[in-house]
Amino acid sequence: MTTYRVRTEVFEGPLDLLLHLVGRQKVDIREISFTEIADEFIAHIERMRDLDLDVASEFLLLASTLLEIKAAALFPEDTDLELDDLDDLTPEEARALLVERLLVYKQFKNAAAEFAARMESEGRMHPRAAGLEEPFLRLMPDYLEGVTLRGLAVICADLEYGREIFLLEAEHVAAMPISLELHMESVRQGLKGKGRLRFGDLVPAGAPAELVVVTLLAILELYKLGALDVRQDALFGEIDLIEAGVKSDV
Amino acid sequence: MSDPGSRGTLEALLFVSDEPLPASRVAKLLELPEADVTAELREIAEEYARDERGFQLREVAGGWRLYTHPAYHPVIERMVLTWDVRHLSQAALEALSVIAYHQPVTRQGVNAVRGVNSEAVISSLVEKGLVREVGRDGAQGTAVLYGTTRTFLEKFGLKDLSGLPPLEEFAPDAATEQSIRERLNALEGPEVDNDDDAIPTVD
Amino acid sequence: MSDPGSRGTLEALLFVSDEPLPASRVAKLLELPEADVTAELREIAEEYARDERGFQLREVAGGWRLYTHPAYHPVIERMVLTWDVRHLSQAALEALSVIAYHQPVTRQGVNAVRGVNSEAVISSLVEKGLVREVGRDGAQGTAVLYGTTRTFLEKFGLKDLSGLPPLEEFAPDAATEQSIRERLNALEGPEVDNDDDAIPTVD
């Protein structure tokens with residue numbers, strides 16, 4: 001809970017940051033002092049160091065956002081046509097634009113706070129979701145008329161094989177983005193039933209580097225999700241994957 | 001006892017519904033005027049509140065639905081794993097509020113207000129079923145337009161979008177506005193103070 | 001009002017349960033003697049009967065559960081019969097098959113297998129009572145996990161999900177697989193032929 005509280009103070013974008021700075025100190029719009037802002041960050045990080053490494057790293061992320069402010073002359077280029085020619089504005093006009101932007105942003109920040117409060121109070125009420133009782137279920141229209149279990153299995157198998165072909169195409173034909181989710185699904189399927197697998201079963205010798213990387217990422221992601229356990233008995237040894245719930249010492 | 005418009009009938013129908021039940025649909029089913037059904041539903045809602053029942057009847061997202069009373073949230077939470085909606089991040093809440101008030105709106109529109117790329121945040125809102133694609137912006141070619149969903153109305157206890165509190169309510173107060181203007185102007189020296197009236201407004 | 005053993009508390013707990021709730025479990029949860037809980041449950045059941053509510057509290061095998069009152073079953077039946085009767089689309093069948101085999105699975109998981117957005121299709125399956133929310137994916141925050149319903153099992157006469165035919169039965173045979181590979185390699189030109197062994201297989 002403490003982390004959560006701290007996190008709400010974390011800025012996310014240039015406007016968020018500026019709003020914060022405006023509340024703390026005087027900011028010259030024409031020449032936002034990068035040094036000053038950097039000092040501000042360092043001060044924050046100093047304070048955070050003992051608290052939470054994650055928070056500190058989020059502040060570092062913000063440092064790059066600041067560079068973006070400088071680079072984009074305060075605004076992301078693609079957001080507002082009027083702002084593209086910020087250079088042509090007089091300092092007063094630029095300042096006025098920023099003031100307006102900050103006011104609008106502040107308004108939505110306030111609205112977001114109201115949303116948070118509403119969500120909190122709504123979360124305390126649970127809708128009736130038990131649905132129909134057994135005697136009524138038989139009355140429901142038979143949406144599955146003519147559908148067989150075998151039919152469903154064929155559809156699912158086709159989809160999965162379609163997916164494999166897609167994977168092969170992706171590896172071979174073009175620099176298509178490789179979907180981590182697809183690979184996670186593949187690993188999950190591979191483990192299903194078998195209970196355990198070796199990394200080498202998933203990535204044959206000589207496989208392209210991209211496949212090795214994405215497979216490893218998929219495994220790490222599944223590990224994070226608690227879907228599998230990973231064991232490696234020796235350095236550079238074979239990596240064993242064990243499906244969650246399967247005894248690892250079997 | 002089974003008088004069509006009776007409290008019992010309505011209770012039974014509400015009881016088996018797992019989504020908000022529109023009064024119009026009940027009226028059609030029972031062949032009764034919608035106004036009568038609505039009046040009876042209101043009465044039931046009041047009765048539950050008066051009798052301090054463990055559940056309540058609320059009008060949300062275009063219909064009526066039974067909910068537990070918030071007083072019993074802690075004990076329900078102990079019994080069942082509940083979806084804690086409080087876990088939306090500040091960024092997600094901001095993007096959601098921009099979409100709620102400006103819908104239909106493109107991602108760029110959300111970015112413009114927030115001053116930061118909102119792509120990931122919008123995707124997460126879509127994944128949570130709070131926001132959906134509602135069309136394409138003809139003028140901008142293929143830019144996706146986003147709007148809120150019925151789930152959004154339900155999760156926020158709104159009957160419809162007109163139930164959103166007016167955006168004006170959230171305008172920064174005079175003091176905040178003054179301080180933003182002053183602080184941004186302050187480094188300029190005294191001559192800028194006179195320019196206050198000349199500041200162009202952007203809307 | 002939120003006195004642990006109060007009628008309101010018990011009502012709220014019964015309200016969110018879709019299976020019989022043992023008095024012993026409630027007693028443990030509320031740290032009360034089971035006899036007290038049982039007595040209060042009996043009282044609630046009598047009160048509902050006396051007040052001619054649309055629902056009733058019954059003790060069935062395994063515990064206490066709220067049910068609609070049989071007097072209102074004809075009107076509930078009429079409501080159910082007005083539901084949409086169109087058959088499932090190919091898209092819906094695909095999503096249903098993926099959910100059946102991969103459950104519990106998030107919408108993203110279904111999207112990943114189908115390669116297209118499945119939001120609307122999953123919603124329609126939920127409405128039809130074939131698919132339901134079975135939980136939240138803790139790791140992914142609040143992503144909904146979907147699974148099939150009892151209705152689904154009943155329709156196919158399955159006792160449980162282990163009765164689903166293994167997918168491997170429907171995998172393409174070796175010859176098909178070979179032809180897929182050849183087709184893909186043909187696109188690559190001759191120098192790739194040597195790479196045959198390097199084609200990653202994922203199963």
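Residues numbered from 1 in each chain as written. Chains lettered and ligands numbered in written order. Predicted model: local features only at pLDDT ≥ 70, side-chain atom pairs only at ≥ 80, totals over all residues. Heavy atoms only, no water.

## Re the packing of aromatic side chains
Part 1 of the argument: Inspection of every chain in the model, using the stated rule, returns 12 aromatic pairs over all chains.
Part 2 of the argument: Ring centres 5.0 Å apart and planes at 15° place the aromatic pair phenylalanine 15 of chain B and phenylalanine 55 of chain C in the stacked group. Residue phenylalanine 15 of chain B is located in helix H1 (residues 7-16), and its partner phenylalanine 55 of chain C is located in strand E1 (residues 55-60); the two belong to separate chains.
Part 3 of the argument: According to the relative accessible area criterion, phenylalanine 15 of chain B is buried, its value standing at 1%.
Part 4 of the argument: The structure contains a cluster of three or more aromatic residues connected by ring pairs, namely Phe15, Tyr48 and Phe55 of chain B together with Phe15, Tyr48 and Phe55 of chain C.
Part 5 of the argument: The aromatic ring of phenylalanine 15 of chain B is capped on one face by arginine 128 of chain A, whose charged end is 3.8 Å from the ring centroid.
Part 6 of the argument: The residue whose ring lies beneath arginine 58 of chain C is tyrosine 67 of chain C, and the NZ or CZ to ring-centre distance is 4.2 Å. (Phe/Tyr/Trp six-rings, centres within 6.5 Å; stacked < 30°, edge-to-face > 60°. Helix = DSSP H or I, 4+ residues; strand = E, 2+ residues; numbered from the N terminus. Buried < 20%, exposed > 50% of the residue type's maximum accessible area, 1.4 Å probe, protein only. Lys NZ or Arg CZ within 6 Å of the ring centre and 35° of its normal.)

## Overview of the interface of chain C and chain B
Part 1 of the argument: Taken together, the contact pairs 42 residues of chain C with 42 residues of chain B.
Part 2 of the argument: Notably, a salt bridge pairs glutamate 47 of chain B with arginine 53 of chain C, separated by 2.4 Å at the nearest N-O pair.
Part 3 of the argument: Where chain C packs against chain B, one counts 11 residue pairs in polar contact (both at pLDDT 80 or more).
Part 4 of the argument: Those elements that place two or more of their residues in the side of chain C that touches chain B are helix H1 (7-15), helix H2 (23-30), helix H3 (34-50), strand E2 (63-68), helix H4 (73-81), helix H6 (107-114) and helix H7 (119-127) of chain C.
Part 5 of the argument: For the side of chain C that touches chain B, the element with the most residues is H1 of chain C, which contributes seven residues.
Part 6 of the argument: Residue composition of the side of chain C that touches chain B, grouped by class: 19 nonpolar, 11 polar and 12 charged. (Contact = heavy atoms within 4.5 Å. Salt bridge = Lys/Arg side-chain N within 4 Å of Asp/Glu carboxyl O. Polar contact = N/O pair within 3.5 Å; in protein donor to acceptor, adjacent residues only side chain to side chain. Nonpolar A, V, L, I, M, F, W, Y, C, P; charged D, E, K, R; others polar.)

## Focus on the sheet that holds strand E5 (residues 143-148) of chain C
Residues and elements named next belong to chain C.
Part 1 of the argument: Pairing within the open sheet is antiparallel, and its three strands lie in the order E3-E5-E4. The strands lining the two open edges of the sheet, one partner per strand, are strand E3 (105-106) and strand E4 (131-137).
Part 2 of the argument: Contacts between helix H5 (residues 90-102) and the sheet are confined to E3, E4 and E5, with E5 contributing the most and set at about 90° to the helix. (Pairing = 2+ DSSP bridges. Axes fitted to C-alpha atoms, helices over the stretch in contact; angles between N-to-C directions.)

## Digging into the packing of helix H2 (residues 23-30) of chain B against helix H3 (residues 34-50) of chain B
Residues and elements named next belong to chain B.
Part 1 of the argument: One way to put it is that H2 packs onto H3 with a least axis distance of 8 Å and a crossing angle of 115°. Two packed elements cross with a definite hand, and for H2 against H3 that hand is right-handed. Residues Ala23, Ser24, Val26 and Ala27 of H2 lie in contact with H3, whose contacting residues are Glu34, Val37, Thr38 and Leu41.
Part 2 of the argument: Counted by class, the contact of H2 with H3 contains five nonpolar, two polar and one charged residues. (Left-handed = near helix turned anticlockwise from the far one by under 90°.)

## Section: the pattern of salt bridges
Part 1 of the argument: Counting across every chain of the model gives 21 salt bridges over all chains.
Part 2 of the argument: Where arginine 53 of chain C meets glutamate 11 of chain B, a salt bridge forms, and the shortest distance between an N and an O atom there is 2.5 Å. One end of the pair, arginine 53 of chain C, is in the loop between H3 and E1; the other, glutamate 11 of chain B, is in helix H1, on a second chain.
Part 3 of the argument: Given the relative accessible area of 1%, glutamate 11 of chain B is considered buried.
Part 4 of the argument: Through salt bridges with shared partners, one network takes in Arg7, Glu11 and Glu47 of chain B together with Arg53 of chain C.

## A short note on H6 of chain C
All names here are of chain C.
Part 1 of the argument: Among the eight residues that make up H6, seven are buried, leaving the element largely enclosed by the rest of the structure.
Part 2 of the argument: For H6, every residue scored as buried is listed here: Arg107, Gly109, Val110, Asn111, Ala112, Val113 and Arg114.
Part 3 of the argument: Following H6 by one or two positions, glycine 115 adopts a phi angle in the positive range, close to 75°.

## Some remarks on the sheet that holds strand E2 (residues 228-232) of chain A
Residues and elements named next belong to chain A.
Part 1 of the argument: Judged by pairing direction, the sheet is antiparallel, and its three strands sit side by side in the order E1-E3-E2 without closing on themselves. Lying at the two open borders of the sheet, with one neighbouring strand each, are strand E1 (196-198) and E2. Strand-to-strand twist in this sheet, taken as the mean axis angle between neighbours without regard to direction, amounts to 20°.
Part 2 of the argument: In terms of strand pairing, E1 meets strand E3 (residues 239-243) through three bridges, oriented antiparallel. Paired with arginine 198 across the bridge in E3 is aspartate 240.
Part 3 of the argument: Along the sheet, helix H9 (residues 180-191) makes contact with E1, E2 and E3, crossing E3 at roughly 75°.

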